[in-house]
Amino acid sequence: MSRTALLAALAVALTTLRGGTMVMEEAANDAGLVAPPASQIVYDRNGVFLTQIGRTMRGEKGEKRVDYGYWPLERIPDRVAAATLILEDRRFFAHPGIDVRAVLRALRNNFSHRRRMEGASTIAMQVARMQAPAQRDYIHKLWEAATALAIIARNGREATLAHYLRLAPYGLGSHGIAHAARFYFDKPVDDLSWAQVALLAAIPQSPGRMNVTRESGLRLAKERAGYAIAQLEKQGTLDATQAEMARRELAAMKPFEAKRRPETLHLVLRYERLAREGRVHPASLSDQRIHATIDLSAERDAAQLARRYLSIFRNAGARQVAVMVAERGTNAVIVDVGSVGYNDPRAGAFDFTRVTRSPGSTLKPFIYALALERGAIKATDLLDDVADGASGVANADGLYLGPMTPRQALANSRNVPATNLLRRVGLEANFNFLHELGLHDLEATPDSFGVSMAIGALPTRLEDLMRAYAALADDGVMRDLSFARGEKKAPPRRVMSLDTARLITSFLSDPQARLPSFPRYGPLEYPFAVAVKTGTSQNYRDAWTLAYSHRYIVGVWLGRGDANGMRGLAGANSAARLVHAMMVKLHGAKPGEIAPETFAPPPERIAIDLCRADAGAGCAQALREWVKPGEVGSASVASSAAPLEDAALTDAALVIATPEHNMHVWRNPEQPAHLNKLALKLANGGKDTQIVWIVDGAPFTVAQADETVFWPMTPGAHRIQARLALAPAASRPVRVIVE
């Protein structure tokens, strides 16, 4: 050999050695075990799949994809380890990260067939590739081999296998066997059967081809899983009985149902945002489920009703609708419909539960609440609904109804009394109170809105109104809306007294007090106790209704995404109809049924019937009011002292809650006669007091004062009264007409 050739050979050897050293150094730097953050699966309150919160990743060719999973394992189940290694790396515990025998076998097969038949990648080599995806060629294969050696040397075999089981692809974007177990079988990985483990262990070889939601993909996965079971039986891991049971279970498997997100995409986006903000959290590090408060069945019902009613109102210019429902007491949101469709070209991409809009009259209950809290009004005061002193404010109907009690003024949603009341209590006080209720976070001055903030000038959102009305329903205690179990929330806080909250609730739930602005038996009246308030913004741009029962709070916004108005669509004739349909659906109420229930009254008040001084003995328009004992004699309306016939009144007077005075009732012709009954109930009965119900002057039955009794209805006009069984005290009689 010449000197030149010797030097050349030496240079090649040194270069190879240096290159190998550099490769090993780089491989050592890449030997750490790194995984993307675990993603979450969101389930509704009944355990039904809602959505996954994935992450955008880069593939081997640089393409973008959304991946899910990467849940860490607390421990490696024996079944999972056995099934995975029998398919992916049988000599995992015998080699240092490279299986030389497998490499030689692969080279022989690939060269003999003149194409790539097998890759000989070990578990550690696959971990190296999954952590740093690259093109599949021999150069990168050498890098994977070097990195595999470093991974095993640094981390050990157990940790490497656990990491593989966290990163491996199991199809449909699922990564990691813990996530795949929950995604496909809805169970923890420790509870998987041999057949289920074998099926999952088969998928990483070719996740795209083994799509188990398709017949062809499932067949390929079952064939490979069957091979795994046979090999496990051959090596003695499974006995004959276990193997046969696994084969039967595999054979019985049908294509998996594809997991689909709900149509209401805004709901999915809300949970992604909540997770991103750290407000909702999974059960644990190894169990990345989020348990939502949403009820997908109710969500579908709400979306269907929203589309139906919007189709009715489209001709009048309505373009979008939003619906929210929360459980009373917990504020757990069970329905969250942001629009009728995210892809709807008419502003469907906007989530109108979160868009700031003019609230119309929906803020009025809080104007009255603050006035009661400050002692600016009493329940028996009179408020003027007259043109004089209205400061340019007019009522929506253009009429003025004269002196009214606060109950009537709020129930009729009169603008003039509300703005006068706001002025009396103070702009700043009301502005700050509405801020405390979370209805705005504006830095503007109260003067920039003036008294018109009572009738829609102060913008707010449906979700904020839901929280504020929930505080009314919850006796004055404000809680954040809840979207998931264990969600981070501010502690509950009292924003108004129990007395004020219950009094406002009684105002909003009194159908008699809504007259004459809102007729009886319309969409504001229910067969069970409901407090309801509507709102309409200027030029009919927005129509609102908020309502709450003993069980639910329901809110609806109807309107347009642009600045144009609708044609005559007010809250009471549009949004209220959808709220009524939703509330009745939630309660499961049947046509003709009437629930004998009322809201709890303020505990330190007594019920009286108020009549105008000029009403006469008949008092056809008696109005029930809850007053403090010291206010009875100073009522601004004359007369709790205007008796109805021989009624005996004391501070503990009997007051009939149902039926109402001058009530008109229709019997259900489809029911047997003995089932057409009218509920008789007192508003303030005690459980230790006995009463006698008198119908048309004759005793009907004896009952406890807190008991509801049912009178079989007969056609005609009837007079109903309650009397104490052992004392000379009686309620005012009520008149009922039965058709």
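Counting from 1, residues in each chain are numbered in the order their sequence is written. Per-residue local features of the predicted model are confined to residues with pLDDT of at least 70, and side-chain atom pairs are confined, for both listing and counting, to 80 or more; whole-chain, interface and lining totals are unaffected and use all residues. Processing note: side-chain calculations cover all non-hydrogen atoms of the structure and skip hydrogens and water entirely.

(A) Focus on the overall build of the protein. In terms of helices and strands, the protein carries 19 helices and 25 strands. Relative accessibility decides the category of a residue: with a 1.4 Å probe and only protein chains considered, values under 20% of the type maximum give buried, values over 50% give exposed, and everything between is partly exposed. Classification of the 739 residues of the protein by burial places 52% in the buried group. Any two residues having at least one pair of non-hydrogen atoms within 4.5 Å are treated as being in contact. In the protein, once contacts between residues fewer than 6 apart in sequence are set aside, the share between residues at least 24 apart is 67%. By the criteria applied, helices consist of DSSP H or I runs no shorter than four residues and strands consist of E runs no shorter than two, each listed in order from the N terminus.

(B) Main features of the sheet that holds strand E21 (residues 690-695). As summarised here, the arrangement of the five strands in space is E19-E25-E24-E21-E22, forming an open sheet in which the pairing is mixed. The open sheet has two edge strands with one neighbour each: strand E19 (663-665) and strand E22 (698-704). Adjacent strand axes in the sheet meet at a mean angle of 25° when their direction is disregarded. For two strands to be treated as a pair, DSSP must find at least two bridges joining them. In the sheet, E21 pairs with E22 via six bridges, with the strands oriented antiparallel. Geometry is summarised by axes, namely lines fitted to C-alpha atoms with helices restricted to the contacting stretch, and by angles between N-to-C directions that run from 0 to 180 degrees.

(C) Structural detail: the pairing of strand E13 (residues 531-536). Counted residue by residue, E13 has five buried out of six residues, so it is predominantly covered. With six bridges connecting them, E13 and strand E14 (residues 542-548) associate as antiparallel partners. Bridge pairing links Lys533 to Leu546 in E14. Linking E13 to E14, which pair antiparallel, is a turn of five residues; within it Asn539 sits at a positive phi near 65°.

(D) How the structure looks around helix H8 (residues 194-202). Within H8, nine of the nine residues are buried, which leaves the element mostly enclosed by the surrounding structure. For H8, every residue scored as buried is listed here: Trp194, Ala195, Gln196, Val197, Ala198, Leu199, Leu200, Ala201 and Ala202. Packed against the buried residues of H8 are helix H2 (78-88), helix H7 (177-185), helix H9 (215-234) and helix H10 (240-252).

(E) Inspection of the pattern of salt bridges at higher detail. Take a side-chain nitrogen of Lys or Arg and a carboxyl oxygen of Asp or Glu: if they are within 4 Å of each other, that pair is a salt bridge. One pass over the full model with this rule turns up 33 salt bridges. With a shortest N-O distance of 3.8 Å, Arg247 and Glu244 are connected by a salt bridge. With Arg247 and Glu244 both in helix H10 and three residues apart, the pair spans about one turn of that helix. With relative accessibility at 30%, the residue Arg247 sits in the partly exposed group.

(F) Main features of the sheet that holds strand E23 (residues 709-712). With respect to topology, three strands assemble into an open sheet ordered E18-E20-E23, the strand pairing being antiparallel. Two strands close off the open sheet at either side, each with one partner strand: strand E18 (656-658) and E23. Between one strand axis and the next, the sheet turns through 35° on average, direction left out of account. Bridge count for strand E20 (residues 677-682) against E23 is four bridges, and the pairing is antiparallel. Pairing of Leu680 across the sheet is with Val709, part of E23.

(G) Expanded view of the pairing of strand E15 (residues 552-559). Counting buried positions along E15 gives eight out of eight residues, so the element sits mostly inside the fold. Burial along E15 is two-sided: the face carrying Tyr552, Val554, Val556 and Leu558 and the face carrying Ile553, Gly555, Trp557 and Gly559 are both buried. Bridge count for strand E7 (residues 320-327) against E15 is eight bridges, and the pairing is antiparallel. By the bridge assignment, Glu327 is partnered in E15 with Tyr552.

(H) Looking closely at empty space enclosed by the protein. Here a cavity means grid points, on a 1 Å grid over the protein atoms only, where a 1.4 Å probe fits yet cannot get out; a pocket means an open set of points with protein on both sides within 12 Å along at least five of seven lines; lining residues are those with an atom within 4 Å of a point. Grid points are joined across faces, edges and corners, and a volume is the space filled by probe spheres set on the points. Summed over the entire model, instances satisfying the criterion amount to one cavity of 30 Å³ or more. Its boundaries defined by the atoms lining it, the largest cavity holds a volume of some 70 Å³. Lining of the largest cavity is provided by Leu410, Ala411, Ser413, Leu508, Arg514, Phe518, Leu524, Val532, Lys533 and Thr534. At the level of elements, helix H14 (406-411) and E13 are the ones that each hand at least two residues to the lining of the largest cavity. Tallying contributions element by element places E13 first for the lining of the largest cavity, with three residues.

(I) Highlighting unusual backbone geometry. With omega at 5°, the peptide bond leading from Leu515 into Pro516 counts as cis. Residue position: Pro516 is located in the loop between helix H18 (498-508) and E13. Backbone torsion omega between Thr658 and Pro659 reads 5°, so that peptide bond is classified as cis. By the element assignment, Pro659 lies in the loop between E18 and E19. Here the phi dihedral of Tyr70 falls at roughly 65°; this positive angle occurs in a residue that is not glycine. Take Tyr70: it is sitting in the loop between strand E4 (64-69) and H2. Phi is positive for Asn662, which is not a glycine, with a value near 60°. Residue placement: Asn662 occurs in the loop between E18 and E19.

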